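The residues making up each chain are set out below.
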Amino acid sequence: MQDQLISRLQQQDRLVIGDLYTAYGDALFGVVLRIVQSRELAEQVLQDTFLKVWRNGASYDASKGRLFTWLLNIARNTAIDATRTAYFQHYRKTDPLDNLAYSAGGDALNPDHIGVQEVVNRLEEKYRVLINLIYFKGYTQEEVAEEVGIPLGTVKTRLRYAMVELRKIFGENSTALLVLSAMLGDLS
Amino acid sequence: MDLQSFIQSGLLESYVLGQATAEERSLVERMLIQHPEARTEQAAIEQAMEGYAKAIGTPPPAWMKDRILDQIAQLPEPVAPPVPKSAIPLRAFQLIAVALLLLIAFLWNRNSGLLDESTRQKVALDNCMRSSQSKEKLFAMFQDTDTQIVRVKGVKGVQGNAMVYSNPKLQQVVLNINSVPPASRQGVYYQCWAIVGGVPTDMGMIHLETTDGWQTLPYIKGATNYAISAENKPEGNPAPTTVLMMSDEIKIKKDG
């Protein structure tokens, strides 16, 4: 399945975009929404993301990483770029939605995800801040070092530990994920 | 870097998040090739990122899928590797240029075995014609009888073969870098040198990824050899660290 998606993407089969959307659209939209914190803008970003995926499909190199990682980084970069535009700055001023990303049950977010934020909130504060700045705010590690006031080397090792923690929660066969999916199953 | 400190360094995490610098990327990619354990580690990080994203997944509005597919249906095909159909006359011209180039090469250096390279050179030149913005300039240069072709060969058992096309009248130098030893591309930076009066003069870094195999270099007056060295820094060094490839001494033509 995965291999087939990849080869169709590389061969620029237009229909593959629909299949990628079905498989990964929800996950990408969730991440984009948390970055741009505006439903309207997130919709635009997600469309732009898939157009970029279509245009650059031939350049995806499976030897360098998973397909989802590639898609996720395109989506994140597009979203982070969108937050740096004048439109976004203006939008934020007139219609602030500051609390969207962390209001677990906010109407822009799937109410099924109440549990996820709780799980992530269990991460030690310093790791949560780091993940938030890098993953959702697009900070470079140098910017994180400056913002948090710690040396760059510490940012790198903390990133390592933050990811180790995330792996415990969201890695393959992690208990938390199994519990979570059971819980989500109950809710829906 | 040994595997354990590499894994502890956080570089793989940066790489997966798309935050690694070019230098870090090439280090990571080298480690991934050399160590299956690093690959396993990368897979685990990617898995966690994917798990996280899926856990916070939110369905986009129902109309969006069709809108995206409609937009894509209206777009032209992305730039594909094959030569565009409209370029047929240009292609004929290319073949003439290639023939001329090979003839010049043959006349210049009858004994150097250049013709063995002809197929590969033609492929490389085709690539060049497709991508180079200055193809007219290149055509003119290849057709110019003052263009000198210098083979830069691997030294001390290094497998490698590059070509320098140099024209003193036009003050132009073009390097065919398709033939730099591919095995050592990872994490090593190539720098090109002109030897003038026995002293290596910097001609700049070779950009393997971005130049489609061909690169214009500054013309250095009075060069007797061209050399390619391996360097540890992306910006290169003031003097060559390890010379990988070197041309035989060339006859200096009258500089313009």
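See the structure shown above.
Anyway, here's the lowdown on the structure attached to this text. (Residues numbered from 1 in each chain as written. Chains lettered and ligands numbered in written order. Predicted model: local features only at pLDDT ≥ 70, side-chain atom pairs only at ≥ 80, totals over all residues.)

Re the sheet that holds strand E1 (residues 148–154) of chain B
Residue and element names in this part refer to chain B.
- Reading across the sheet, the eight strands line up as E5-E4-E7-E8-E1-E2-E3-E6 and stay open at both edges, with antiparallel pairing between neighbours. The open sheet has two free edges, formed respectively by strand E5 (199–205) and strand E6 (214–217), since each of these has just one partner strand. With strand direction ignored, the average angle separating the axes of adjacent strands in the sheet is 30 degrees.
- Note: strand E4 (residues 189–196) against E5, six bridges, orientation antiparallel. (Pairing = 2+ DSSP bridges. Helix = DSSP H or I, 4+ residues; strand = E, 2+ residues; numbered from the N terminus. Axes fitted to C-alpha atoms, helices over the stretch in contact; angles between N-to-C directions.)

Section: the packing of helix H8 (residues 141–148) of chain A against helix H9 (residues 152–170) of chain A
All names here are of chain A.
- Their axes nearest at 9 Å, the elements H8 and H9 cross at an angle of 105 degrees. In terms of orientation, H8 lies roughly perpendicular with respect to H9. Contacts from Gln141, Glu142, Val144 and Ala145 of H8 reach H9 at Leu152, Val155 and Lys156.
- Taken together, the residues of the contact of H8 with H9 break down into four nonpolar, one polar and two charged. (Parallel < 35°, antiparallel > 145°, perpendicular 65-115°, else oblique. Contact = placed C-beta atoms within 7 Å. Nonpolar A, V, L, I, M, F, W, Y, C, P; charged D, E, K, R; others polar.)

Section: the interface of chain B and chain A
- Across the boundary between the two partners, chain B contributes 41 residues, which contact 49 residues of chain A.
- Taken together, the elements giving at least two residues each to the side of chain B that touches chain A come down to helix H2 (11–16), helix H4 (36–55) and helix H5 (64–74) of chain B.
- The biggest single contributor to the side of chain B that touches chain A is H4 of chain B, with 13 residues.
- Taken together, the residues that form the side of chain B that touches chain A break down as 21 nonpolar, twelve polar and eight charged.

Describing unusual backbone geometry
- Positive phi outside glycine occurs at Gln37 of chain A, with the angle close to 55 degrees.
- Within the secondary structure, Gln37 of chain A sits in the loop between helix H2 (16–36) and helix H3 (39–56).
- Non-glycine residue Gln171 of chain B carries a positive phi angle of around 55 degrees.
- As for its placement among the helices and strands, Gln171 of chain B is situated in the loop between strand E2 (161–167) and strand E3 (172–176).

Looking at the packing of H2 of chain A against helix H4 (residues 67–83) of chain A
Residues and elements named next belong to chain A.
- Put simply, H2 and H4 touch, their axes get as near as 9 Å, and they point 30 degrees apart. Between H2 and H4, the crossing angle belongs to the class labelled roughly parallel. Handedness of the crossing formed by H2 with H4: right-handed. Contacts between H2 and H4 pair Tyr24, Leu28, Val31, Val32, Ile35 and Val36 from the former with Phe68, Leu71, Leu72, Ala75, Arg76, Ala79, Ile80, Ala82 and Thr83 from the latter.
- For the contact of H2 with H4, the residue count by class is 13 nonpolar, one polar and one charged. (Left-handed = near helix turned anticlockwise from the far one by under 90°.)

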